[in-house]
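Chain by chain, the residues:
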Amino acid sequence: MRRFWLLLCLSSVVAGQSCTENASDGTKVRISLASGLKDKAYMWNENEMFLFRSTLAYAMRKHMQGSDFQVSNILVCRETQRVSFWFVVTSSMDNSTLISKEMVREAVRKSRDRINGAFQLTDQTLEFLGIEAIMPPQPEHIDSRWMIVFSVFISLVVFVLLLMIMLSVVQKKRKRNEKTKKETCEEEIYRNTVVVQGICNSTFSD
Amino acid sequence: MKLKIPNRGLDDRILSYEELQKAEKEEAGDRPQWDNKAQYLLTCVGFCVGLGNVWRFPYLCQSHGGGAFMIPFLILLVLEGVPLLHLEFAIGQRLRKGSVGVWKSINPYLMGVGIASLLVCLFVCLYYNTIMAWIMWYLFNSFQDPLPWSQCPLNANKTGLVDECARSTTVDYFWYRTTLNTSTKIEDSGGLQWWIVVSLIAAWTVLFVSCIRGIETSGKAVYVTSTLPYVVLTIFLVRGLTLKGSVEGIKFLFTPNVDELLRPETWLNAGAQVFYSFSLAFGGLISFSSYNSVFNNCEQDAVLIAIINGGTSVYAATVIYSIIGFRAMEKFDECTAGNILELINAFEYPENSITESNYDEVLIHLNQTHPDIIGRLPLQTCHMQTLLSQGVEGTGLAFIAFTEAIIKMPVAPLWAVLFFIMLFCLGLSTMFGGIEGVIVPLQDLKLFPRSWSKEVICGVTCLCSFLLALIFALQSGNYWLALFDSYAGSIPLLVIGFCEMIAVVYIYGVDRFNKDIEFMIGHKPNIFWQATWRVISPLIMAFILIFYFVTQVTKEVSYLYWDPQSENFPVLSTQLYPSWIKAIIFILAGVPSLVVPLYALYKCIKNRCCKKEGSRDKKTEAVSP
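Given the structure is predicted, the values throughout are model-derived calculations rather than measurements.

Observations concerning the overall build of chain B
Next up, step 1: Summing up its helical and strand segments, chain B has 27 helices and 2 strands in all.
Next up, step 2: Its C-alpha atoms give chain B a radius of gyration of 28 Å, within 12% of the compact-globule value 25 Å for 625 residues.
Next up, step 3: Across its three principal axes, chain B shows a C-alpha extent of roughly 115 × 50 × 45 Å.
Next up, step 4: The buried share among the 625 residues of chain B stands at 58%.
Next up, step 5: In chain B, the proportion of contacts linking residues at least 24 apart, taken out of those at least 6 apart, comes to 83%.
Next up, step 6: With the model as given, the accessible surface of chain B reaches about 26,100 Å², and the carbon-plus-sulfur share is 63%.

Structural data, given as structure tokens:
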């Protein structure tokens, strides 16, 4: 355990010169726990930092197959209360050379989901400045969704229209029938010349 | 007031009291009738209560002194709105004809008033139903989660959001680009936007089906379309009051600013709003009341409908502003949070060290200690008052401000559907009156062959109107609609309303009119009606008309347009109309207004010629055996 800490201190001293603000091969990280997790926000402490470094080491291993990155290869500096810091990655074979920024960023991009997941954060709350957040996959804009609603609506309207046209045609036919029945009935009464209250009852003529 | 213009032959043109009583008893004739009083009242309420109550009145209220605006509004409602309403109801009920028929009966020279009503009704129906088409488009798009206006689409290479959307807002983009696909000026017509054409087809088909047999069908539809908006408004009120910021919105709306009452614009805008809000001078109300029984109490109806209309305006304003207050509060919070984040990131302070309460102090302190860093930060000014007065009128309210508020509510699609159904019902019930004001005069003018049935006439009218309304489906359609709205629906209506008052009071004769009302409702109209009909209302109308005419004629005609390349983007910029638009404006506003005197002139000339021929005929008759 002591040796581990000794090594850590050593490597941080060695690379302390390489991990600076705005280092050419460094990347700045900003973590927004309060806005990302609100009530469930945890405290940022050394344990969380350890998790971060090991997650990043995992990302480097995944990207550079066959490599042997350790937690000690991830050097962190310039921590602030904001919770932001810079980190650089040293090569697994040689502690004094730094992995280039592009390589680091590629590695992070590949494993972004896993890194975010480890901290229950998102691209917006766990920011790697300089590495663009990948656009969230847009839900398939089913442009035809509104056409479906429209088709349902217009079919209903057309149905009601046809119904009303049919009803009015039927009504007109019925009126015409009644009119002709009334006329034939009145003609019969006229022909019979029976002096009776000639009330033309259309139900009889059926 | 014995001022009365001689009017010969009036008794021959109108039904006498005996004929009216006989017709009432026999219930004869093929004139349509209301099933019951409720249907009639709901139709009139539906016609009067429209989109203007929701998106014009609240804006006027807020911008002209808040609670203090109620004073001119109520005064002018009583002095101008109610008398005109009573007048239209009474004259329709007495003469039992549509608008052209009524003015023709009073005096054949006055038929121009009816024709002017018809033209104005037609122009207004064209653009009003296009707004209905837009509402239906939004309604069809509300049945999905997330709502399409809540996110920007990705650009072509999927690296980011579409530029136009990223620079403005998602709701702006959905309205100006996805829905309207608007061009940058009215001369650029662009092509027809097929999705708008489809929505127009839907709107005109619904109207056709509801009005296919006149009030027989529309009278049934109003049971839903006139009552549903009130239900939805209440639901929104309850929902709105539980949201943060709603009370600020309502306070902003009603905070009285008595200084506004000293400005003449306030009173003139109140007068104009009362006039347009009651849908007067369209001829629809005259038509509707002509289907009543002769002995219906039109005085009571007028007062009742005026109260309902005024009350609805105030109620709708409260609801709208509770939601607008919520939206403003959300935007304010976002704005402040954005600023706080900038500060925290720049100075590496822990989160939650700066909150809304200490933001100002911290900013001042940092500005003194590190002015250079502060200067470089993109800090925005977050001002609640500005946010509350943004874009809260007309289509901007419904399709931009309100839709933005909806996407911030939980279960957004439900609220979107409810909101657009409410707007749809409000608009449709107004369209019933509008289409009545088009079809009945066309029938009275005998422009259709007699063999055509009601259904065919309605169908042909709707089809022709749809074809004419295709102009609003162009890329510049939005600008055309604004043009129609400003000119077709303003001055001509005031002219017609003024002529109506003069015609009834001085040509028909206010004494005869009083007797008619006594015959119909049992008592003579009291001194309030006499004073308003004879003097007060015509004066107010003349005043408003002259004011409007002067302001419209003297100012440069300009319009707002959307241009992603402009400097002010995303704020709308102003530009002047091209010169040929003046001809269009003349057709929209001038032709209906001029039809009134021109028709009288034409009739006069025709009569002179006929008189000469008529006297010649008489001479030949006298000669021949």
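Focus: the interface of chain A and chain B
Interface size is commonly expressed as the accessible surface area that is lost when the partners come together.
Next up, step 1: In this assembly, 30 residues from chain A lie in contact with 36 residues from chain B.
Next up, step 2: Taking both partners together, chain A and chain B bury about 2,800 Å²; carbon and sulfur atoms supply 66% of that area.
Next up, step 3: At the junction of chain A and chain B, the tally comes to 1 salt bridge.
Next up, step 4: Here A:Lys28 ties to B:Glu348 by a salt bridge, and the two come within 2.6 Å at their closest N and O atoms.
Next up, step 5: One can count 10 residue pairs in polar contact (both at pLDDT 80 or more) joining chain A with chain B.
Next up, step 6: Contributions of two or more residues to the side of chain A that touches chain B are made by strand S1 (27–31), helix H2 (33–37) and helix H6 (145–192) of chain A.
Next up, step 7: Here the side of chain A that touches chain B gets 15 residues from one element, more than from any other, and that element is H6(A).
Next up, step 8: Of the residues that constitute the side of chain A that touches chain B, the class distribution is 16 nonpolar, 9 polar and 5 charged.

Digging into the pattern of salt bridges
Residues and elements named next belong to chain B.
Next up, step 1: One pass over the structure, following the stated rule, counts 20 salt bridges over all chains.
Next up, step 2: The closest approach of N and O atoms between glutamate 216 and arginine 213, which form a salt bridge, is 3.3 Å.
Next up, step 3: What makes glutamate 216 partly exposed here is its relative accessible area of 40%.
Next up, step 4: We note a salt bridge from lysine 454 to glutamate 216, for which the minimum N-O separation is 3.8 Å.

Some remarks on the nonpolar core
Next up, step 1: Counting 206 residues, the largest nonpolar core has B:Ile106, B:Phe236 and B:Leu423 as its most contacted members.
Next up, step 2: Residue contacts for B:Phe236: discarding those within four places in its chain leaves B:Val319, B:Ile323, B:Phe402, B:Met409, B:Trp415, B:Leu418 and B:Phe419.
Next up, step 3: One finds A:Leu37, A:Met49, A:Val83 and A:Ala107 within the second-largest nonpolar core, a separate group that totals 27 residues.

As for the pairing of S1(A)
All names here are of chain A.
Next up, step 1: Of all 5 residues in S1, 5 are buried; the element is thus mostly enclosed.
Next up, step 2: Residue alternation in S1 divides its side chains into two sets, Thr27, Val29 and Ile31 and Lys28 and Arg30, and both sets are buried.
Next up, step 3: With 4 bridges joining them, S1 and strand S3 (residues 84–89) adopt antiparallel strand pairing. For arginine 30, the partnering residue across the bridge sits in S3 and is serine 84.
Next up, step 4: Bridge count between S1 and strand S4 (residues 126–129): 4 bridges; the pairing is antiparallel. Among the inter-strand pairings, arginine 30 is bridged to a residue of S4, identified as glutamate 127.

Some details on the pairing of strand S2 (residues 74–77) of chain A
Residue and element names in this part refer to chain A.
Next up, step 1: With 4 bridges joining them, S2 and S3 adopt antiparallel strand pairing. Each bridged residue has a counterpart across the sheet, and for leucine 75 the counterpart in S3 is valine 88.
Next up, step 2: Hairpin geometry of S2 and S3 is characterised by an intervening segment of 6 residues between the two adjacent antiparallel strands and by a positive phi of about 55° at arginine 78.

Observations concerning the sheet that holds S4(A)
Residues and elements named next belong to chain A.
Next up, step 1: Taken in spatial order, the 4 strands make up an open sheet running S2-S3-S1-S4, and their pairing is antiparallel. The sheet is open, and its two borders are formed by S2 and S4, each paired with just one other strand. Each neighbouring strand pair of the sheet contributes to a mean axis angle of 30°, computed without reference to strand direction.
Next up, step 2: Sheet strands in contact with helix H4 (residues 101–110) are S1, S3 and S4, and its direction is about 35° off that of S1.

A few points about the packing of aromatic side chains
Both the distance between ring centres and the angle between the ring planes are used here to describe each pair of aromatic rings.
Residues and elements named next belong to chain B.
Next up, step 1: In total, this model carries 58 aromatic pairs over all chains according to the counting rule given.
Next up, step 2: Pairing tyrosine 138 with phenylalanine 174 gives two aromatic rings, centres 5.3 Å apart and planes at 85°, and the pair type is edge-to-face. Here phenylalanine 174 lies in helix H10 (residues 170–179) and tyrosine 138 lies in helix H8 (residues 111–140), a separation of 36 residues in the sequence. Taken as a pair, tyrosine 138 and phenylalanine 174 share a single burial class, namely buried.

Some points on the side chain of B:Gln273
Next up, step 1: Structurally, B:Gln273 can be placed in helix H15 (residues 264–277).
Next up, step 2: Setting aside its immediate chain neighbours within four residues, B:Gln273 contacts B:Gly52, B:Arg56, B:Phe57, B:Leu60 and B:Phe73.

Digging into unusual backbone geometry
Next up, step 1: The linkage connecting B:Asp145 with the following residue, B:Pro146, adopts the cis geometry, with an omega of 0°.
Next up, step 2: Among the secondary structure elements, B:Pro146 is positioned in the loop between H8 and helix H9 (163–167).
Next up, step 3: If you check the backbone angles, A:Arg78 has positive phi at about 55° while not being a glycine.
Next up, step 4: When you line up the elements, A:Arg78 lands in the loop between S2 and S3.
Next up, step 5: Look at B:Lys446: it is not a glycine, yet its phi comes out positive at around 55°.
Next up, step 6: With respect to the secondary-structure elements, B:Lys446 resides in the loop between helix H22 (412–444) and helix H23 (454–469).
Next up, step 7: On the basis of relative accessibility, which here comes to 57%, the residue B:Lys446 falls in the exposed class.

A few points about the state of the cysteines
What makes a disulfide is a covalent bond joining the sulfur atoms belonging to two cysteines.
Residues and elements named next belong to chain B.
Next up, step 1: Counting across every chain of the model gives 2 disulfides over all chains.
Next up, step 2: With a sulfur-sulfur separation of 1.9 Å, cysteine 335 is cross-linked through a disulfide to cysteine 382. When the S-S torsion is -85°, as for the bridge of cysteine 335 with cysteine 382, the disulfide is left-handed. With cysteine 335 in helix H17 (residues 298–347) and cysteine 382 in the loop between helix H19 (371–376) and helix H20 (384–388), this pair connects stretches of sequence that are 47 residues apart.
Next up, step 3: Given the relative accessible area of 21%, cysteine 382 is considered partly exposed.
Next up, step 4: Note on cysteine 125: no disulfide assigned, nearest cysteine sulfur contributed by cysteine 121 at a separation of 5.1 Å.
Next up, step 5: As a non-bridged cysteine, cysteine 499 has cysteine 121 as the owner of its nearest cysteine sulfur, 16 Å distant.

Some thoughts on a positive patch on the surface
Residues and elements named next belong to chain B.
Next up, step 1: There is a patch of like positive charges on the surface, built from Arg31, Lys97, Lys104, Lys446 and Arg450.
Next up, step 2: With respect to the element layout, arginine 450 can be found in the loop between H22 and H23.
Next up, step 3: On the basis of relative accessibility, which here comes to 77%, the residue arginine 450 falls in the exposed class.

Re the environment of B:Thr312
Next up, step 1: Tracing the chain through its elements places B:Thr312 in helix H17.
Next up, step 2: Beyond its immediate sequence surroundings of up to four residues, B:Thr312 is in contact with B:Val49, B:Asn53 and B:Tyr230.

Points about a nonpolar patch on the surface
All names here are of chain B.
Next up, step 1: A cluster of nonpolar residues, Phe586, Ile587, Val591, Leu594, Leu598, Leu601 and Ile605, forms a patch on the protein surface that exposes about 630 Å² of accessible area.
Next up, step 2: With respect to the helices and strands, phenylalanine 586 occurs in helix H27 (residues 581–623).
Next up, step 3: Given a relative accessible area of 47%, phenylalanine 586 falls into the partly exposed group.

Points about the packing of H15(B) against helix H26 (residues 527–554) of chain B
All names here are of chain B.
Next up, step 1: Between H15 and H26, the shortest axis-to-axis distance is 10 Å and the interhelical angle comes to 110°. Regarding the angle of H15 to H26, the classification is roughly perpendicular. Relative to H26, H15 is oriented so that their crossing is left-handed. Residue-level inspection shows Glu265, Leu268, Asn269, Gly271, Ala272 and Phe275 of H15 in contact with H26, the latter providing Met541, Phe543, Ile544, Phe547 and Tyr548.

Each value, and the rule that gives it
Residues numbered from 1 in each chain as written. Chains lettered and ligands numbered in written order. Predicted model: local features only at pLDDT ≥ 70, side-chain atom pairs only at ≥ 80, totals over all residues. Heavy atoms only, no water. Helix = DSSP H or I, 4+ residues; strand = E, 2+ residues; numbered from the N terminus. Rg over C-alpha atoms; globule rule 2.2 N^0.38 Å. Buried < 20%, exposed > 50% of the residue type's maximum accessible area, 1.4 Å probe, protein only. Contact = heavy atoms within 4.5 Å. Areas by Shrake-Rupley, 256 points an atom, 1.4 Å probe, with all protein chains shown as cover. Buried area = accessible area lost by both parts, 1.4 Å probe. Salt bridge = Lys/Arg side-chain N within 4 Å of Asp/Glu carboxyl O. Polar contact = N/O pair within 3.5 Å; in protein donor to acceptor, adjacent residues only side chain to side chain. Nonpolar A, V, L, I, M, F, W, Y, C, P; charged D, E, K, R; others polar. Core = buried A, V, L, I, M, F, W, Y, C linked by side-chain atoms within 4.5 Å. Pairing = 2+ DSSP bridges. Axes fitted to C-alpha atoms, helices over the stretch in contact; angles between N-to-C directions. Phe/Tyr/Trp six-rings, centres within 6.5 Å; stacked < 30°, edge-to-face > 60°. Disulfide = S-S within 2.5 Å. Patch = residues over 30% accessible without salt bridge, like charges linked within 9 Å, V, L, I, M, F, W, Y side chains within 5 Å. Lys, Arg positive; Asp, Glu negative; His and termini not counted. Charge placed at Lys NZ, Arg CZ, Asp CG, Glu CD. Parallel < 35°, antiparallel > 145°, perpendicular 65-115°, else oblique. Left-handed = near helix turned anticlockwise from the far one by under 90°.

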